[in-house]
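Examination of the molecular architecture
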Amino acid sequence: MRVLTSAQMRDADRRTIDEVGIPSAVLMENAGRQVVAAMERHLRALGDQRVAVVCGKGNNGGDGFVVARVLEASGVPTRVYLLVSASEIEGDAQINLSALDAVGVPVVDVAEPDAWAAQLAEIAASGVVVDALFGTGLARPLEGHWRTVVEDLNASGVPIVSVDLPSGLSADTTHLIGETIDATLTVTLGAPKLPLLVPPAATQAGEVVVADIGIP
């Protein structure tokens, strides 16, 4: 089994897109669908739960939008909570954000602390939270509103499924660099990352599933 750093993962993504010819949109769709498949296998009575998908920008947020769409299509009531302005979402992630309206997935703007605080009770009443805030690109501790969001999610007691890495971890160290999501399940994409395998960072990952999304 190959364990990749953040730079190696970016290179694997690039080579898959540029040399193999698999579009980035296909990789994002595969990622979201594999996360849902792992949730169905590892979480009891998922179909009876209401799911909150908490999204940042970038590809990790885009993966979260796909997760929300696929869950809703399978009959699981799902709501997206967006931690950035919709105007900051670009590329494949923006396409998948726009698709949510067509399938009836509500998107709630919680980019400001007051908006987050107003929605926190509803999020905490969900059966499952999907963490699609940060992927492998994080290199410094979370601060401000981001740190508060992670602290609140951990304190909610709701099972958390992290996409690729629990938000707050750096893909390039086994140490905890700051406040980090305490995941019940982590679905990591393409290949495992070092902090998912070695303590103390690995203690935040819960059960780890490696999802094949089409990267050779």
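Criteria and thresholds
- Residues numbered from 1 in each chain as written.
- Predicted model: local features only at pLDDT ≥ 70, side-chain atom pairs only at ≥ 80, totals over all residues.
- Heavy atoms only, no water.
- Helix = DSSP H or I, 4+ residues; strand = E, 2+ residues; numbered from the N terminus.
- Buried < 20%, exposed > 50% of the residue type's maximum accessible area, 1.4 Å probe, protein only.
- Core = buried A, V, L, I, M, F, W, Y, C linked by side-chain atoms within 4.5 Å.
- Contact = heavy atoms within 4.5 Å.
- Pairing = 2+ DSSP bridges.
- Salt bridge = Lys/Arg side-chain N within 4 Å of Asp/Glu carboxyl O.
- Arc of directions from axis to C-beta.
- Expected span 1.5 Å × (residues − 1).

1. Examining the environment of Ser-85
Among the secondary structure elements, Ser-85 is positioned in the loop between strand S2 (78–82) and helix H4 (91–102). Accessibility expressed as a relative area gives 30% for Ser-85, which makes it partly exposed. The sequence separation of Ser-85 and Gly-56 amounts to 29 residues, and the corresponding C-alpha distance is 9.3 Å.

2. Re the nonpolar core
Judged by nonpolar contacts, the single largest core of 43 residues is most densely connected at Val-35, Met-39, Val-51, Phe-65, Leu-71, Val-80 and Val-161. Per-element tally for this core: the top contributor is helix H2 (residues 24–42), with seven residues. Val-161 has contacts with Val-35, Met-39, Leu-43, Val-128, Val-129, Val-130, Asp-131, Leu-185 and Val-187, leaving out every residue within four places of it along the chain. Within the second largest apolar cluster, 20 residues are counted, among which are Val-129, Phe-134, Leu-142 and Val-149.

3. Concerning the pairing of strand S6 (residues 185–189)
Within S6, five of the five residues are buried, which leaves it mostly tucked inside the rest of the structure. Both faces of S6 are covered, namely the face carrying Leu-185, Val-187 and Leu-189 and the face carrying Thr-186 and Thr-188. In terms of strand pairing, strand S5 (residues 160–163) meets S6 through three bridges, oriented parallel. In the strand pairing of S6, Val-161 is matched with Leu-185. Note that S6 and strand S7 (residues 207–211) share five bridges and pair parallel. Looking at the pairing, Val-187 lines up with Val-209 of S7.

4. Points about the pattern of salt bridges
This model, assessed by the stated rule, comprises ten salt bridges. Taking the shortest distance from any N to any O, the salt bridge between Arg-147 and Glu-179 comes out at 3.8 Å. Highlighted residues: Arg-147 in helix H6 (residues 144–156) and Glu-179 in the loop between S5 and S6, separated in sequence by 32 residues. Residue Lys-193 pairs with Asp-164 through a salt bridge whose shortest N-O separation is 2.8 Å. Taken together, the residues Lys-193 in the loop between S6 and S7 and Asp-164 in the loop between S5 and S6 connect sequence positions 29 residues apart. Residue Lys-193 shares its accessibility class with Asp-164, and that shared class is buried. In this structure, a network of salt bridges that share partners links the residues Asp-11, Arg-14, Arg-15 and Glu-19.

5. Some points on H4
Helical geometry: 3.6 residues make up each α-helical turn, so side chains three or four residues apart lie on a common side. What H4 keeps buried is the set Asp-92, Ala-93, Asn-96, Leu-97 and Leu-100. For H4, the arc enclosing every buried residue in end-on projection is 140°, short of the 170-degree limit, so these residues lie on one face. Residues of H4 that are exposed and angled more than 90 degrees away from the buried face: Ile-95, Asp-101 and Ala-102.

6. Focus: helix H1 (residues 6–20)
Taking 1.5 Å of rise per residue, 15 residues should cover 21 Å, and H1 covers 20 Å from first to last C-alpha, within 8% of that figure. Along H1, the positions that sit buried rather than exposed are Ser-6, Met-9, Ala-12 and Thr-16. In this structure, the buried residues of H1 make contact with H2 and S6. Trailing H1 by a residue or two, Gly-21 shows a phi angle of about 95°, which is positive.

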